[in-house]
Structures are given as C-alpha cells and as structure tokens.
Amino acid sequence: MAGPTPQPETNEGRAGLIAGLTAYTIWGLFPIYFVATKHVPALEILAHRIVWSLPFGLLILLFRKQIAETIKALVTPKTVILLAIAAIALAINWGVYIWAIQQEQIFQGSLGYYINPLLYVLVGVLFFKEKLSALQGLAITFACIGVAILTFKGGVFPAISLILAVTFTTYGVLRKYIVVGAMPGLFIEVTVLLLPAIGTLYYLSQQNGLAWNNAGLETDILLVLAGPLTVLPLLAFAFAARRIKLSTLGILQYLGPTMQFGCALYFGEPFTLAHALCFGFIWLGVGVFAYDAIRSSRRQVRPVSR
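Keep in mind that what you see is a predicted model, and the values were worked out from it rather than measured.

Trainee: Explain the overall build of the protein chain residue by residue, including any values.
Mentor: If you tally the helices and strands in the protein chain, you get 14 helices and 0 strands. In terms of overall size, the protein chain behaves like a compact globule, its C-alpha atoms giving a radius of gyration of 21 Å where 306 residues would be expected to give roughly 19 Å. If you line up the protein chain on its principal axes, its C-alpha atoms span 75 × 55 × 50 Å. Out of the 306 residues in the protein chain, the part that is buried amounts to 47%. Taking all contacts inside the protein chain whose residues are at least 6 apart in sequence as the whole, residues at least 24 apart take part in 86%. Within the structure as shown, the protein chain displays about 16200 Å² of accessible surface, and the carbon and sulfur contribution to it stands at 69%.

In structure tokens form, the structure reads like this:
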C-alpha cells in the first residue's frame, strides 16, 4: 500500500525551513566575503553594497510583480519617512559590521547578533509595555553579565557589539510597524541611500582613488556580488517567515552569529578567557530565551479542552 500523500502544509514548512537555513547561512558566512574584500575600504564596500542592491532588487520586484506595491509605498509620505529612518539605521549597521570584520573583530560582530533578539524583548518591555516573563528576564540578565565580564575582565568595552545590536533592533522595530513587504521596503531603503552612496564613491575617487576598476577583475566581481548577497538572504528570510513557526524562526536566528563565531576562530582571532566567559553567559541566555520561546509557542497552539 502506498504511503500517505504529503500534506501541502508539510511541503510548505519544509520549503520555509530550507529558505530560513539559506538566509542565516549566507549571513553567517558574511565574514568570509568581507575578509576577501579586506583590501577595499569599508566605506567603498558599503557604497557598492547599496548601489548594486538597487538593480538586483528591481529585478526581484519585477519577477515577484511587486512594482505596484512599491509605488503605493513611495506615494505614502509616512511610510517613506519611516523607511528613510530605517535605512539610516541599516546603513550604520552595515558600515560598522564591515569595518569590524576588517579590523579583525568578528567575535564582537557575532556577539552583537546574539544580543539582538534579547534586546528586542527589552525594547518591547520598556517602550511597548509588553510583559517580561521570568525566563526572559533571566536570559537578559545572563547577557548583561556576559557583556560586563568582557568589559571589566577583558578590558574591552563591546561598543561594536552594542552598536550592531541597537541599530538592527531599531531597524527591526521600525520594519515591524511599517506596512510594506520585505522586498519593496528594502528597495525603497536602498533608493533613499543611493545618492549618499554615489556621493561617497565620488569623494573616495577624489581622495585615494577607488578599488573599483583599479584592483582587478576579481575585486570588481566581488563588489558587484554585494548586491545579490544583500538581497537574496532577505528574500529567503521573508519566504521562511510566512511558512514556519515563529519559534522555529527564533531558533534559526542563532545560526548566523554561531557561524560568524566559527569564522572568527577559523581566521585566528584571539579568544581570551574573558571572551569564553562572555560567550558562555550569552549562550546560557540564548538557551533560556529559546526554551521560553518554544514553550510559549506550544502553549499557544495547545487545543482548548471541552
């Protein structure tokens, strides 16, 4: 007898899981890209990332037939203003992260993205009057202890980590409340940043010149690839977010910083006792946070007794 036919929900969930894994794997391997382009100034890489995201993003909009949705958002002043603010936060995040990798601070970059989901919870409590569960409070406490250890025992204030966490949390909160799809929103954000990016490239060309068209074909190809490497994981993430449980997505989000942590070890960054203690407490917080998210998700879907 033939086995049961797979249900559409199962297929959708599997596709969503693959998309989520793809998105976070690309983000987790970003340090390799930025190490490969280390000879290019961080500002130039940031500018190219913006410039090349625009045409690639436009192709995605045409393919997904989202031009009308994009135009609708563009003629809504409030949406454009909020997306412009989100774009600034995103540009700061991108720029600091690129610079951090080039300065061999991958551990701090990884730490920032571990802290990020815990910061979301804290923002919800402080600004949106959300209730903080006991386990969430414990997770945030562990994270604070980890940061304090790195600051006082390691003598390194994790400014990079905190800037990355704060800017990406700001971006995430804004995008949560802006009524626009992931790709149309990103396209508008990149459009807002386009003129400053072109201005930056012109300024750099008048100073010490650009790596573009001067550092070889391989460098030019890598810089063009910044566009699809920016757009594709976001597209995969948006696809996954609509097809898998939030608890699953919440667990997947730790794949990125974990892979970044592995990249830091691979590239030989110094890993001190302070780093070990800091990440130990961060991982404790992440574990508690993930457990609480899974438990809450199961509680919400539990059938009501009659």
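Once the structure has been displayed, the description carries forward.
Trainee: Describe the packing of aromatic side chains, with residues and values.
Mentor: Two descriptors summarise a pair of aromatic rings, namely the distance from one centre to the other and the angle between the planes of the rings. Inspection of the entire model under this criterion finds 23 aromatic pairs. Relative to Tyr171, the ring of Phe168 lies with its centre 5.9 Å away and its plane at 35°, an arrangement referred to as tilted. Linking Phe168 with Tyr171, this pair stays in helix H8 (residues 159–177), spanning 3 residues, or about one helical turn. The class for Phe168 is partly exposed, based on a relative accessible area of 27%. With a centroid separation of 5.6 Å and 90° between ring planes, the pair formed by Phe261 and Phe271 is classed as edge-to-face. Here Phe261, found in helix H13 (residues 255–266), pairs with Phe271, found in the loop between H13 and helix H14 (273–301); they are 10 residues apart in sequence, far enough to count as distant.

Trainee: I'd like to hear about the environment of Ala240, residue by residue, with values.
Mentor: Within the fold, Ala240 resides in helix H11 (residues 226–241). Sequence separation between Ala240 and Gly20 is 220 residues; the distance between their C-alpha atoms is 5.1 Å. If sequence neighbours within four positions are ignored, Ala240 has contacts with Gly16, Ala19, Gly20 and Leu249.

Trainee: How would you sum up the side chain of His275? Please name residues and give values.
Mentor: Turning to its location among the elements, His275 is positioned in helix H14. With relative accessibility at 16%, the residue His275 sits in the buried group.

Trainee: Just give me the short version of unusual backbone geometry, but keep the residues and values in it.
Mentor: A positive phi angle, near 55°, is found at Lys65, a position not held by glycine. Even without being a glycine, Glu104 presents a positive backbone phi close to 60°. Here Glu104 lies in the loop between helix H5 (77–102) and helix H6 (106–128).

Trainee: Go over helix H10 (residues 217–224), please, and point to the residues and values.
Mentor: Burial in H10 covers these residues: Thr219, Asp220, Leu222 and Leu223. Viewed end-on, H10 has its buried residues packed into an arc of 165°, placing them on one side of the element. More than 90 degrees from the buried face of H10, the exposed residues found are Leu217 and Glu218. The elements touched by buried residues of H10 are helix H2 (30–36), helix H3 (42–64) and H11.

Trainee: Could you give an account of the packing of helix H4 (residues 67–74) against helix H9 (residues 182–207), naming the residues involved and the relevant values?
Mentor: Across the interface, H4 lies against H9 with an axial gap of 9 Å and an inter-helix angle of 55°. The pairing of H4 with H9 is recorded here as oblique in orientation. When you trace H4 past H9, the crossing you get is right-handed. Between H4, through Glu69, Thr70, Ala73 and Leu74, and H9, the contact on the second element is made entirely by Pro184, Phe187 and Ile188.

Trainee: Account for empty space enclosed by the protein, naming residues and giving values.
Mentor: Under the definition given, this model contains 1 cavity of 30 Å³ or more. Lining the largest cavity, in full, are Phe30, Tyr33, Phe34, Ile45, Arg49, Ala226, Leu229 and Thr230. Where the lining of the largest cavity is concerned, the elements lending two or more residues are H2, H3 and H11. Along the lines of polarity and charge, the residues of the lining of the largest cavity split into 6 nonpolar, 1 polar and 1 charged.

Trainee: Kindly report on the confidence of the model for the protein chain, identifying the contributing residues and their values.
Mentor: For the protein chain, the mean per-residue pLDDT works out to 85, and 92% of the residues sit at or above 70. When the criterion is pLDDT under 50, residues 1–8 qualifies, and its contacts beyond four places in sequence or with other chains add up to 1 contact.

Trainee: Mind laying out the packing of H5 against H8, listing which residues take part and the relevant values?
Mentor: Interaxial distance between H5 and H8 falls to 9 Å at its minimum, and their mutual angle equals 155°. By the angle class used here, H5 and H8 are roughly antiparallel. The way H5 lies across H8 gives a crossing that is left-handed. Mapping the contact onto sequence places Leu82, Leu83, Ile85, Ala86, Ala89, Leu90, Ile92, Asn93, Val96, Tyr97, Trp99 and Ala100 in H5 and Ile160, Ile163, Leu164, Thr167, Phe168, Thr170, Tyr171, Leu174 and Arg175 in H8. Taken together, the residues that form the contact of H5 with H8 break down as 17 nonpolar, 3 polar and 1 charged.

Cut-offs and rules
- Residues numbered from 1 in each chain as written.
- Predicted model: local features only at pLDDT ≥ 70, side-chain atom pairs only at ≥ 80, totals over all residues.
- Heavy atoms only, no water.
- Helix = DSSP H or I, 4+ residues; strand = E, 2+ residues; numbered from the N terminus.
- Rg over C-alpha atoms; globule rule 2.2 N^0.38 Å.
- Buried < 20%, exposed > 50% of the residue type's maximum accessible area, 1.4 Å probe, protein only.
- Contact = heavy atoms within 4.5 Å.
- Areas by Shrake-Rupley, 256 points an atom, 1.4 Å probe, with all protein chains shown as cover.
- Phe/Tyr/Trp six-rings, centres within 6.5 Å; stacked < 30°, edge-to-face > 60°.
- Arc of directions from axis to C-beta.
- Axes fitted to C-alpha atoms, helices over the stretch in contact; angles between N-to-C directions.
- Parallel < 35°, antiparallel > 145°, perpendicular 65-115°, else oblique.
- Left-handed = near helix turned anticlockwise from the far one by under 90°.
- 1 Å grid on protein atoms, 1.4 Å probe; cavity = no way out; pocket = protein on both sides within 12 Å on 5 of 7 lines; lining within 4 Å.
- Points joined across faces, edges and corners; volume = space filled by probe spheres on them.
- Nonpolar A, V, L, I, M, F, W, Y, C, P; charged D, E, K, R; others polar.
- pLDDT = per-residue confidence, 0-100.

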